[in-house]
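Secondary and tertiary structure notes
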Amino acid sequence: MDASENEPAVGADLDAPLRFGITAEDYMLPARQQIQMVEPTGLLKATEAQGTQPGHEYQLPSTDVLLDAYRHLVVGRRVNDQNSALVRQGRMAVYPSSHGQEACQVAAALCLSKGDWLFPTYRDSVAVMTKGVDPVQTMTLFRGDWHGGYNPADHQVGIQCTPLTTQLLHAVGVAHAAKLRGEDTVVLAMCGDGATSEGDFHEALNFAAVFHLPVVFFVQNNQYAISVPLAQQSVAPSLAHKAVGYGMAGERVDGNDLVALMAVLDRAVALARGGSGPLLVEAHTYRMQAHTNADDATRYRQDSEVAEWLDKDPLKRMRTYLQAQGLLDDAAESRIAEEAEAVASQLRTGLGEDVPVDPQDLFRYVFSAPTTQLKEQAAMLADELARDAAPQETESAQ
C-alpha cells in the first residue's frame, strides 16, 4: 500500500477546529441558529441572542464600515428601482431585480480586499457596482449587447453569469490558479438556492475542498428558484448544512441584516485567506419582485407571503439601526439620497444612448488569432455590406 493512502485528504483542515477549541464537526456544521445581530425592528440584539456559539462568534463591524455599507445599500435600492423602470421604457431588454436582497449584494462586495475576486450571478448587479464597476457598464449585458460591458481583469469581477452555477466553476479555477502562483487572493462566488440543485455546485465545492482553495461560496437563499420553492429543491436542515458533506465549514445568516452579513462574510474571507480552505455561507433573504420582468410571480406565491417580508426590509432595518445609534442624521441621509439619484441619472443617460454596431465584431473577438474560416466569413460579410452600400452611395451622388 502506498504511504500516501494513509495521509489526510489534500483539503482536510485539521487546525481550524483546534484554534477554536471545538470538534471538527462543530466547526463544519453551522451554528444551531442563524446569525442575526440586528432585529427587523432595527434594534441591536444582545450578544447571547445573536445565534453565536463557540467557534461561531462574530464581531460588530466598525461604524465607518457600516455607514459605507448603508450608503451602498441606498444606491443599490435606487438602481434596482431605476432599472425596473428602464425595462418598462424599452431601454433594457431584461432585468433580474435584487430589490430586497441588496444587503447580500453590498456585503459580498465590501468584505473583499483589493485583488480578491467576485463571481456574481445575473441578479448581482448591485454587488458588481459596489465592487467598483461603472453602473452603465454593469447594465450593458441587460440591454442586449453582445458583450458583458466590462473587462473582468480591471476590477477582479467575473461577468455576470446567466447560465446557472457556471460561475462557481470559474471561481474555483481562479482560486486554484492564485494558490499555485502563491498569491494572497480570496474568491467569493455568489449563487442562489436553485444553483445548489445543479451538478456544477457539487463539482465546484468538491474541487475547492479537495484542493483546499480560498473560496467563499455565498448562497443567497431567496426562497425560490424562479417558481420552485426551496422545499421542493432540498430537504436538508439548511443549505449551509451541505458544507459538511464536502469537509468545509458552513454558516447561516439573516440575509436582510446587513450588520450580521458584514460580520459573517468578513470572518469567512479572513478564514479563507488564513488557510482554512473554502467555506459556505447561506443567507436567508427574499426576492420581493418577480424573477425578471418576463415572470408573473403571482402564479406561484401569495401576496400575503410577500407582505411578511416587507417588515424585514434590509434598507429600513439598517436606517433605523444607524439612527438609533446616533450615526445617521437628516443631512447625511440627504447626501446619500443625492448620490443615489446621481447614479440613477447616469443610468438613464447611458442606457438611453444608441450604441454603434459593427458587424465585424461577430468575428473579431472569437479567437485571439482568427482562424482561416473566420477570416473567410468576415471577408464574405464585408463584401455583402459593401455591395449593399453601393446603390445608396450612387443614389446620394445623383
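Read on for a plain summary of the structure. (Residues numbered from 1 in each chain as written. Predicted model: local features only at pLDDT ≥ 70, side-chain atom pairs only at ≥ 80, totals over all residues. Heavy atoms only, no water.)

Let us now look at the overall build of the chain. Helices and strands together make up the secondary structure of the chain, namely 15 helices and 7 strands. Radius of gyration (C-alpha) of the chain: 23 Å, near the 21 Å computed for a compact globule of 398 residues. In terms of overall dimensions, the chain has a C-alpha envelope of 85 × 70 × 40 Å along the principal axes. Across the 398 residues in the chain, those meeting the buried criterion constitute 49%. (Helix = DSSP H or I, 4+ residues; strand = E, 2+ residues; numbered from the N terminus. Rg over C-alpha atoms; globule rule 2.2 N^0.38 Å. Buried < 20%, exposed > 50% of the residue type's maximum accessible area, 1.4 Å probe, protein only.)

Mapped onto the secondary structure, N151 falls in the loop between α6 (135-139) and α7 (152-155). As a C-alpha pair, N151 and V133 span 18 residues in sequence and 9.3 Å in three-dimensional space.

Another point: unusual backbone geometry. Of note, the phi angle at H212 is positive, near 55 degrees, even though the residue is not glycine. Its place among the elements puts H212 in the loop between α9 (199-210) and β3 (215-221). Among the residues examined, H212 registers a relative accessible area of 16% and is labelled buried. With a phi close to 55 degrees, I226 is a non-glycine residue in the positive phi region. As for its position among the elements, I226 is in the loop between β4 (224-225) and β5 (228-229). Overall, the relative accessible area of 43% leaves I226 in the partly exposed class.

Here we take up the packing of helix α3 (residues 63-88) against helix α13 (residues 330-351). Two elements in contact, α3 and α13, have axes whose closest approach is 9 Å; the angle formed by their N-to-C orientations is 35 degrees. The handedness of the crossing between α3 and α13 is right-handed. Of the residues in α13, those in contact with Y70, R71, V74, V75, R78, V79, Q82, N83 and L86 of α3 are E333, I336, E339, A340, E341, V343, A344, L347, R348 and L351. (Axes fitted to C-alpha atoms, helices over the stretch in contact; angles between N-to-C directions. Left-handed = near helix turned anticlockwise from the far one by under 90°. Contact = heavy atoms within 4.5 Å.)

On the surface, a cluster of nonpolar side chains totalling about 210 Å² of accessible area is made up of F207, V210 and F211. Here V210 lies in helix α9. The partly exposed category is assigned to V210, whose relative accessible area is 35%. (Patch = residues over 30% accessible without salt bridge, like charges linked within 9 Å, V, L, I, M, F, W, Y side chains within 5 Å. Areas by Shrake-Rupley, 256 points an atom, 1.4 Å probe, with all protein chains shown as cover. Salt bridge = Lys/Arg side-chain N within 4 Å of Asp/Glu carboxyl O.)

Turning our eyes to something else, we now look at the pattern of salt bridges. In total, this model carries 15 salt bridges according to the counting rule given. One salt bridge in this structure joins R287 and D295, with 4.0 Å as the shortest N-O distance. Both residues of the pair, R287 and D295, count as buried. Note that E333 is salt-bridged to R319, the shortest N-O span being 3.6 Å. Of the two residues, E333 is situated in helix α13 and R319 in helix α12 (residues 314-324); the sequence distance between them amounts to 14 residues. Look at R319 and you get partly exposed, because its relative accessible area is 27%. Three or more residues are tied together by salt bridges with common partners; here these are D68, R71 and E339.

This brings us to the sheet that holds strand β7 (residues 279-284). Spatially, β1-β2-β3-β7-β6 is the arrangement adopted by the 5 strands of the open sheet, whose pairing is parallel. Among the strands making up the open sheet, the edge pair consists of β1 (117-119) and β6 (249-254). Along the sheet, successive strands turn relative to each other by an average axial angle of 20 degrees, direction set aside. Alignment of β6 against β7, held across 6 bridges, turns out to be parallel. Across the sheet, the residue bridging to V253 is A283, located in β7. (Pairing = 2+ DSSP bridges.)

The subject of this paragraph is the packing of aromatic side chains. For any pair of aromatic rings, the description consists of the separation of the ring centres together with the inter-plane angle of the planes. Under the defined criterion, the tally for this structure stands at 6 aromatic pairs. When the ring of W117 is compared with that of F119, the centres are 5.6 Å apart and the planes differ by 20 degrees; the resulting orientation is stacked. F119 shares its class with W117; the two are buried. The ring of W309 is capped by K312, whose NZ or CZ atom sits 4.2 Å from the centre of that ring. (Phe/Tyr/Trp six-rings, centres within 6.5 Å; stacked < 30°, edge-to-face > 60°. Lys NZ or Arg CZ within 6 Å of the ring centre and 35° of its normal.)

Glancing now at the nonpolar core. One recurring pattern in soluble globular proteins is that nonpolar side chains are buried together. Ranked by internal contacts, the top residues of the largest apolar core, which has 71 residues, are Y70, M139, L188, V216, F218, L258 and M318. At 12 residues, helix α10 (residues 258-273) tops the list of elements feeding residues into this core. Beyond its immediate chain neighbours, meaning those up to four positions away, L188 contacts A108, C111, L112, W117, L118, F119, V216, F218 and L265. Membership of the second largest hydrophobic core comes to 24 residues, among which are A204, A209, L213 and F217. (Core = buried A, V, L, I, M, F, W, Y, C linked by side-chain atoms within 4.5 Å.)

In regular strands, side chains alternate between the two faces of the sheet. β7 sits mainly inside the fold: 5 of its 6 residues count as buried. Of the strand pairs in this sheet, β3 and β7 are connected by 6 bridges, and their pairing is parallel. If you follow Q220 over to β7, its bridge partner there is A283.

Time to look at the side chain of D116. If you trace the backbone, D116 turns up in the loop between α4 (102-110) and β1. In this structure the side chain of D116 is engaged in a polar contact, spanning 3.0 Å, whose partner is the backbone nitrogen of V186. Setting aside residues no more than four positions away along its own chain, D116 makes contact with K131, Q156, D184, T185, V186, V269 and R273. (Polar contact = N/O pair within 3.5 Å; in protein donor to acceptor, adjacent residues only side chain to side chain.)

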